[in-house]
Structures are given as C-alpha cells and as structure tokens.
Amino acid sequence: MHADAFDRYHDKESFIHRLDPRVKTIVTVVFIVSNALLPDGAWLAFVLAWVFLLSVNLLSKLGLIYTFKRSFVALPFALVAITVLVSIPGNPVASFRFLMWDFTITDAGLLRFVSILIRSWLSVQMAIMLVAVTRFPDLIHALEHLRVPAILTTIIAFLYRYLFVLVDEVYRLLRARESRSAAASGQRSGGSVLWRAKVAGNMAGQLFLRSYERSDRIYNAMLSRGYVGHLYTLNPHEMKSSDYLVTAFAIVLIFVMQIIGRL
Amino acid sequence: MPIIHQTQKFSTPDCEGDVLQVRDLHFSYPDGHAALHGVSLRLCSGDKVALVGPNGAGKSTLMLHLNGILDGHGEVEVRGQRLTRDNLPAIRAMVGLVFQNPDDQLFSPTVFEDVAFGPLHMGLPEAEVRARVDMALEAVRMSSYKDRLSHHLSVGEKKRIAIATVLSMNPSLLILDEPSAGLDPRARRTLINLLRELPITMLVSTHDMKLVQELFPRTIVMDEGLVVADGLTMEILENEDLLTAHGLEKP
Amino acid sequence: MLYSPAPLHIPDGFLNVAVSIICWVITVITLGVAISKTNKSLGERQVPLMGVMAAFIFAAQMINYPVLGGTSGHLLGGALAAITLGPWAGVLVMTAVITVQGLLFQDGGLLAMGANILNMGLLTAGVGYGLYRSVLGKSRKTQLVVAGIAAWLSVMAGALATSLQLWLSGTSDLRLVIPAMLSVHALIGLGEAAVTVAALGFIFRTRPDLLDEKSASAQGSRGWVVAGILITLAVVLLSPFASADPDGLERVAINIGFINNSQSAPFELIPDYAIPFLGETSISTIAAGAVGVLVVLAVAFLVGRSLQQKRAN
C-alpha cells in the first residue's frame, strides 16, 4: 500500500473548493466552538447545525457518504463519557448490575451523554470537510495568514512533505519484519511482548537515524538554493469580497443557531 | 596490485575554464577519511561533461565543493569569481546542484513552492519569481505540474522537477548527481532528451556508461580522490585498460 | 491501514469551552517560549531537522507491535522527541505532529487541540526530558533506565491530565475515569518505555554523538529537571489521591475557584452526587493500589532488565 491513501483532499470543482482557505478554516473553528457552546439537549439547534453541514456538503459536491463514512472516527472515545450515564443525579431510567455494583442510568445522564456524542459527531464532520475541500498546503498558507508562527508552519510543511516518504519507509521496515517473523511448525511466533516492543524500538531507532541523515541532505539542498536561515514564501491567496461575504454569512447563521439553542 | 593514479593525458578540447576552475582541491571528512587528494579541472561554456568512477571515488564530495557546501583546501573559481565565504550566495545562484535523491531535493509540499524556493531566496521580486518558475517548468516540459503535490509525482517526474528547481535560479553551471539512477527506461529516455536540449554547461556524475556515450562529448574519470583521466569520451571509452583499472565497463 | 487513533487524542465535543480555552492559553504561552528559545539557540540547520523529525515521530507511531489478543501498541513519542532533539525542539515537533493529526486525520479535535498539545507534547516533554536531564553524563545504563521510567511517566502524565480535563468538562466521572485511564495507560506506558529505551539504545550504539554532552539533547537547562520532578510528583501524588478521594479533589477545585468558574459555562459541572455504589470506596482503593503496584513492577522490571543486559555484555 502506498502512503498516498493518507491524503484527504477530495478533488472537485465547487464553490466551496474555490473559497479562500482562511474562510474555510475560520468557519470550521467557529462552527466547532459553537457546538461546544450549545447547551445539553438543544435538539433544534443540533438539527440546524446538521442541516448546515449537509448544505456545505451539497455545495462542495463531496457526496453525503464521503463524510458520513468517516464521521465515526471519534466514536471509540465515547467510552470515556459513558460514566455520565450513571453519575448525574436525575430520574432513574434503567438500572443494571455489573459485577458487584448496581448502576442506575438517569434521564439527566442520558441527556448529557447523547448531547456529548452529537456535538462530537457534528464537529468531526466539519473537520473532515475542511480537509476534503482544502488542499493541505493551502491550509498551511491559511495558518500563516492567521499569524501562526513561521517556525511552526514550516515544521508542519516539512512534516506533510516527508510524512509520505517516511511512512513508505515504515511500510518497508514492517514488511521486512513480517517476512522474517516465521514460526516453526507447532510453535507460536515471536517472543514476549517486551521483546516485540524492543524490535519495534530498534526499527524506530533505525528510522530516526535515516531521518536524521535525510535532514542533513535536505539542509544541503536548501543551502544550494540560497537558504541562509530565513525562509521566504509566496502566498498565492488573496481574500476576495465574496470570501468576506461568505464568512460573514456563515458566522451569522451559526450565531442564529446559538440563539435558537438557548431559547 | 596498487593502481597508479596519474592523470592520463588525452586530447582535451581547448578550454580556459571560463565557467569553472578547480585547482588542487584537498578534503578530509571530520572522521579523518580523506576524500579528495588534489583535484584540478576546468569547464568551459557549453561543455557537457560526464564524471565517472567507482563508488567512493570522491565524485559527490567534489560536487559539494563546487557551490561551497563543503569547504576544502584549494581553489574553486566560478565565472572568474573565486569562491569565498562572502560570495557564497552569488556562487550558489550560479551553480545549480541537483542531488541524487529527488525526495531530498523537493522539500516543499507543492511543485510551485519548490521551484520558487531558489529565486525567492535570491531576493528576486514576486513577479520575477513567478516568471522564473514558469520558465523553469517549461524548460523541463512540466508546466502543467505547477500546482501538483510533490509526493504525488513519479520518480521520473520528481527528477525533472528537481532540475527545474535549480534552473529557476538561472545558473551558469548545472551539476547533476546520478540523474538516471532508479529510472525506468521510458523516464530515462525522457531525461536524456531533456539533458540534450538544455543549453547550459553541465557536469554530470553517473554510473550509466550508455548515457555517457550518448550524451557527453567529454568525460572525467575519478578514483580514490583524484582525477585519473580527462578527455574525449570516445577515446576514454576505447581505453579498456583504464576502464578496467577503475572498475568501469565499456557500454 | 495501520493508522489507528491513539486513546489520548481528545476529539471535539468532549471538552467544554472553558477547559478548552484554559488549555489553549497554557499551550500558546509555552509555545511562545519554545519559539523564542529555539529562535535564539538553534542554528539554521535545525529547521529541516525539526521538520523531518516531526515526520519521523508521525511515522514511528505507526510501527505497531502486537500485544494481546489482536490489540497492538505503538509509540506516542513525546519523551523520545524531547530527549533526542532537546526539550524546546521536542515541544515544537510534537505540536506539529498533533496539529497534523487533528487537521488532516481528525485524530483529536481542533478546539480540543490546545489540550491535546498540552497532554501529549508539553507534559511528555517536561517529564521525559526533565528526568533524563537529571542523569545526563551518568553511565549509559542509568540514562536508559531513567529514560524508560520517564517515558512511562510521560504517558501517565498525559493520561492523568486528560482525565482531569474530561472531569472538569463534566464529561467523565472522576472516580471512574481516573482509575480506568491510569490503569490502561500504565500498560500502554510500558510499551512506550520499551520502545523508547530500545530506540535510544540503538542511537547510543550507532550514533553516540547525537546524545553526547555537546549534542542538542544536552542543551536543555536545569530548570527542566525541576519541571520533570514536579510533573512526576503530580502523577505520583495526585493519582492515588484522586482515585481514593475524588471528593477531596473536587473540594480543592472549588477552593481555587475552578469549579465556580466553569459553572458559568454552558455545561453544568458535576454536582454533589452519590454514585449508587455498593462498595463505596472499594473500587477507587483497589485501582489506586493496582496503579501503585504497576509502578513498582515497571521500575523493577526495567532495572532488572538492564542488569540482565549488563551481565550479558
């Protein structure tokens, strides 16, 4: 498998794709903050937020399945919220016995739990769409414009570029390990957990050195092209008046959702 | 049997060295390993020269001296300017060095950013930078790749973009390290045609003797940190004793 | 696909706004210091180095190793990054890794990113580098043993901070989340320790110059030792306390005004409640005991292992 599968950009021609990456970044963040601010059980506002997501999805021609399929990445984390079911006082809904303890699920606990899941589910979909409609290098430009320090955006740009190269290297290392970890017939393959972790550690060490040496060669390539310690970039993005309009419109919509959620 | 290293005289083209002169260059790595033992050579405008020799002969070390990344004893002169600490930026703009592994050369997320890196760091104005990028991509026939992501390119495409990243600096001398390594036959053919077309002085290190025969009128042979032969490619390739002594093969 | 979300990456929706913003403020201030320090002390050489090393940490997190019944462990890398690159560079590298994981893979949220950077980048660098720094110049064995303990503690510190943030957001119940998170991460931390020690051992054998007294790794100030010890103390003292007496922790939070602050937030914070437990304090006591035993076991195991290797040598 090639590391290309990591790219999340969904190449389509659409109004949303053409927006300035800053607009998309800001609206995404505002949307996610607004979700976090909505009170528990603000069902109408949750539905409206979902309609907002669907509209963006339709406008960007991503296809509903695309975001839906990947929207459950945060679901395993719901496990940490499951305790609120039984820890918030309220009218009992159901009770069960687990080992030696009795638990009672309350209506207030259920309300909190479902609200947390919905907030998370909505936010994650917005984040999925952000990278689906914005090429990652453009996102880095947006961060530069939004005053994220250059040293960080530079590291992120390098990380993005070499992620694919190094992940390919990891695949090669893992394949080499696989092809050598045979088991004698009737024997279990591979020693103790700690031994396996040590093998992984050796691979990590090897990868570290290769990366270190690669950074030397990259540094030489940068020197050869005039780098003397300052990085200059040309930023191709310019906010058009339509970009400002879209930002304002989206933020007003999100604000209205917030008011409805609090009525 | 020890190899006697003495530069063999061949009929070299008349050359004053107006593009590059290297005189008596010595270099040892910090760990004590001596890589260059007094290398001298000259390149003239329009020369296309192959640099061959076994691994460890010092070819890559020599190349890293030509734009001052390594700093040994001896003299390097580019277009009549002696390379010193002060004129490093100017020299680096004149000597375009393309590294062997294009993944090291292409360090930016997009093709445009990579090709623009050199001109931007030379301090050129934005319009000029954009013009240079277009010119360089046109020269390697990759104009439509401007907005592509570097990690989506094939090896052959990466090599051509890597060349564009230094062409955009408008260099007087192009230095390539193993340009045909790792290419499939079609990508190799495209690269050969490209190198033939480029109207620029070049010094190319390679193990690909067919490439040498086809493309370069002049060849320099290095071994154990010395230039052991310098002359017309046809004559060097006919000298089987020389080729065998330095681990090379007739194509 | 080898990429699997790590349990410490908090998604959006699980932290309330107040907690998210407090974490962001701490993170931004620390990053500001890190950037000014790196700008001052690091050469131009460090820019591509930090960039490629960020990709390295990202890729190294994919080297998984089978643990039990189809599950697999993998590296977090915060301690390893801080030890090999020096603390400030390590902080920046981990920040880049967590940012890309959140932005590109939705592994960890955007509003929650401040907390994620704090838990997995700042705390891990603090305890990982701080403890390692205290034995700089000692024998290689000592350095490796301490690095292993530091790596284990870095995971525990991250897990503890995550638990506290979830509790303060009203997302998790303290007396369940702390024992659960800490016992799971006590195991994950063992893998982290083993991989970190093996990777450092490999670097010691092949490129000792990268970790000697003149390397970037040795440039962190002594203040890091203090930070490392403070975080260690927090993990060692706070975890049993929080597990055994969560009401006590709540009282502390009320006293320093944290909970009142948060109550004005849209979420209502955990009020006084009584979990219908039969054995009221037993679970927390058992869990605290288990964590304590695991700490001792981990240390003993690592020391024993290093002695074993010594004999083999």
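Residues numbered from 1 in each chain as written. Chains lettered and ligands numbered in written order. Predicted model: local features only at pLDDT ≥ 70, side-chain atom pairs only at ≥ 80, totals over all residues. Heavy atoms only, no water.

**Some words on the overall build of chain C**
The secondary structure content of chain C amounts to eleven helices and two strands. Expressed as a percentage of the 313 residues in chain C, the buried residues total 62%. For chain C, long-range pairs separated by at least 24 residues make up 76% of all intrachain contacts whose partners lie at least 6 apart in sequence. Carbon and sulfur atoms form 66% of the exposed surface of chain C, whose accessible area is close to 11,200 Å². (Helix = DSSP H or I, 4+ residues; strand = E, 2+ residues; numbered from the N terminus. Buried < 20%, exposed > 50% of the residue type's maximum accessible area, 1.4 Å probe, protein only. Contact = heavy atoms within 4.5 Å. Areas by Shrake-Rupley, 256 points an atom, 1.4 Å probe, with all protein chains shown as cover.)

**Side note on the interface of chain A and chain C**
With 87 residues of chain A at the interface, the matching set in chain C holds 80 residues. For the pairing of chain A and chain C, the buried interface totals around 7,800 Å² over both sides, and the portion due to carbon and sulfur atoms is 78%. If you sort the residues of chain A by the area they bury against chain C, A:Phe77, A:Leu159 and A:Phe208 come out on top, with a joint share of 9%. Across the salt bridge formed by A:Glu213 and C:Arg207, the nearest N and O atoms sit 3.6 Å from each other. Applying the counting rule to chain A against chain C returns seven residue pairs in polar contact (both at pLDDT 80 or more). Looking at which element gives the most residues to the side of chain A that touches chain C, the answer is helix 9 (residues 193–224) of chain A, with 24 residues. For the side of chain A that touches chain C, a count of residues per class yields 60 nonpolar, 14 polar and 13 charged. (Buried area = accessible area lost by both parts, 1.4 Å probe. Salt bridge = Lys/Arg side-chain N within 4 Å of Asp/Glu carboxyl O. Polar contact = N/O pair within 3.5 Å; in protein donor to acceptor, adjacent residues only side chain to side chain. Nonpolar A, V, L, I, M, F, W, Y, C, P; charged D, E, K, R; others polar.)

**Observations concerning the confidence of the model for chain C**
All names here are of chain C. When pLDDT is averaged across chain C, the result is 77; 71% of the residues are at 70 or more. No element of chain C has a lower mean pLDDT than helix 10 (residues 258–263), at 38, and none a higher one than helix 5 (residues 113–134), at 94. Confidence over residues 1–5 falls short of pLDDT 50; this stretch has 16 contacts with residues more than four positions distant or in other chains. Between residues 257–290, whose pLDDT stays under 50, and residues either more than four places distant or in other chains, the model counts 61 contacts. (pLDDT = per-residue confidence, 0-100.)

**Considerations on the environment of B:Asp24**
Residues and elements named next belong to chain B. Relative to the helices and strands, aspartate 24 resides in strand 2 (residues 20–28). By relative accessible area, aspartate 24 is classed as partly exposed at 44%. As a C-alpha pair, aspartate 24 and valine 39 span 15 residues in sequence and 4.9 Å in three-dimensional space. Apart from residues no more than four positions distant in its own chain, aspartate 24 is found in contact with Gly38, Val39, Ser40, His73 and Gly74. Within polar-contact distance, the side chain of aspartate 24 engages the side chain of histidine 26 at 3.2 Å.

**Thoughts on the interface of chain B and chain A**
On the side of chain A, 29 residues touch chain B, which itself brings 35 residues to the contact. Between chain B and chain A the total buried area reaches about 2,800 Å² when both faces are included, carbon and sulfur atoms providing 59% of it. Along the contact surface separating chain B from chain A lie four salt bridges. Between B:Asp114 and A:Arg225 there is a salt bridge whose closest N-O contact spans 3.4 Å. The interface formed by chain B and chain A includes twelve residue pairs in polar contact (both at pLDDT 80 or more). If you list the elements that add at least two residues to the side of chain B that touches chain A, you get helix 3 (102–105), helix 4 (111–121), helix 5 (126–139) and helix 6 (155–167) of chain B.

**Comments concerning the sheet that holds strand 2 of chain B**
To summarise the sheet geometry, strands pair through backbone hydrogen bonds and adopt either a parallel or an antiparallel arrangement. Residue and element names in this part refer to chain B. Reading across the sheet, the four strands line up as 3-2-5-6 and stay open at both edges, with antiparallel pairing between neighbours. The open sheet has two edge strands, strand 3 (34–43) and strand 6 (81–82), and neither has a second partner. The pairing of strand 2 with strand 5 (residues 73–78) spans five bridges and is classified as antiparallel. Considered in strand 5, the bridge of valine 22 is made with valine 76. (Pairing = 2+ DSSP bridges.)

**Here we look at a nonpolar patch on the surface**
Taken together, C:Val226, C:Ile229, C:Leu230, C:Leu233, C:Val236 and C:Leu237 make up a surface patch of nonpolar side chains, about 560 Å² in accessible area. The exposure class of C:Leu233 is partly exposed, given its relative accessible area of 42%. (Patch = residues over 30% accessible without salt bridge, like charges linked within 9 Å, V, L, I, M, F, W, Y side chains within 5 Å.)

**Focus: the nonpolar core**
Judged by nonpolar contacts, the single largest core of 187 residues is most densely connected at A:Phe136, B:Leu20, B:Leu62, B:Leu66, C:Phe56 and C:Leu92. The element contributing the most residues to this core is helix 8 (residues 150–180) of chain A, with 18 residues. Dropping the residues within four chain positions of it, B:Leu62 is found in contact with B:Leu25, B:Leu36, B:Val39, B:Leu41, B:Leu51 and B:Met222. Among the nonpolar cores identified, the runner-up in size contains 49 residues, and B:Val52, B:Val129, B:Leu137 and B:Tyr145 belong to it. (Core = buried A, V, L, I, M, F, W, Y, C linked by side-chain atoms within 4.5 Å.)

**A word on the packing of aromatic side chains**
What the rule picks out here adds up to 17 aromatic pairs over all chains. On the basis of an interplanar angle of 85 degrees and a centroid distance of 6.1 Å, the ring pair of C:Tyr129 and C:Trp224 is categorised as edge-to-face. Of this pair, C:Tyr129 sits in helix 5 while C:Trp224 sits in helix 8 (residues 223–244), placing them 95 residues apart in sequence. The same class applies to C:Tyr129 and to C:Trp224, which are both buried. Following the ring pairs from residue to residue traces out a cluster consisting of A:Phe158, A:Tyr162, B:Phe107 and B:Phe117. Positioned over the ring face of A:Tyr162 is A:Arg161, at 5.2 Å from the centre of the ring. (Phe/Tyr/Trp six-rings, centres within 6.5 Å; stacked < 30°, edge-to-face > 60°. Lys NZ or Arg CZ within 6 Å of the ring centre and 35° of its normal.)

**Regarding the packing of helix 2 (residues 21–37) of chain A against helix 3 (residues 43–59) of chain A**
The geometry of a pair of packed helices is captured by two quantities: the angle between their axes and the separation between those axes. Residue and element names in this part refer to chain A. For the pair helix 2 and helix 3, interaxial distance at closest approach is 11 Å and the crossing angle is 160 degrees. Taken together, helix 2 and helix 3 sit at an angle that is classed as roughly antiparallel. When you trace helix 2 past helix 3, the crossing you get is left-handed. Every residue of helix 3 that contacts helix 2 at Val27, Phe31 and Asn35 is listed here: Ala49, Phe52 and Leu53. Considered class by class, the residues forming the contact of helix 2 with helix 3 number five nonpolar, one polar and no charged. (Axes fitted to C-alpha atoms, helices over the stretch in contact; angles between N-to-C directions. Parallel < 35°, antiparallel > 145°, perpendicular 65-115°, else oblique. Left-handed = near helix turned anticlockwise from the far one by under 90°.)

**Side note on the pairing of strand 2 of chain B**
All names here are of chain B. Inspection of the sheet shows strand 2 paired to strand 3 by seven bridges, in the antiparallel sense. Considered in strand 3, the bridge of leucine 20 is made with leucine 43. A loop of five residues connects strand 2 with strand 3, the two strands running antiparallel in sequence, and glycine 32 in this loop sits at a positive phi of about 100 degrees.

**Things to note about unusual backbone geometry**
Residue and element names in this part refer to chain B. Residue glutamate 178 is not a glycine yet carries a positive backbone phi of 50 degrees. On the secondary structure map, glutamate 178 appears in the loop between strand 8 (173–177) and helix 7 (185–197). A residue is classified by how much of its surface remains accessible, and glutamate 178, at 10% relative accessible area, is buried. Of note in the backbone geometry, glutamate 224 takes a positive phi value of approximately 45 degrees without being a glycine. Residue placement: glutamate 224 occurs in the loop between strand 10 (218–223) and strand 11 (226–232). Of the residues examined, glutamate 224 reaches a relative accessible area of 49% and is grouped as partly exposed.

**A few points about the pattern of salt bridges**
All names here are of chain A. Scanning the entire structure with this criterion turns up 29 salt bridges over all chains. Arginine 119 is paired through a salt bridge with aspartate 40; the nearest N and O atoms lie 2.7 Å apart. Of this pair, arginine 119 sits in helix 6 (residues 107–133) while aspartate 40 is found in the loop between helix 2 and helix 3, placing the two residues 79 residues apart along the sequence. A salt bridge links arginine 214 to glutamate 169, with the nearest nitrogen and oxygen atoms 3.2 Å apart. With arginine 214 in helix 9 and glutamate 169 in helix 8, this residue pair connects regions lying 45 residues apart in the sequence. The same class applies to arginine 214 and to glutamate 169, which are both buried.

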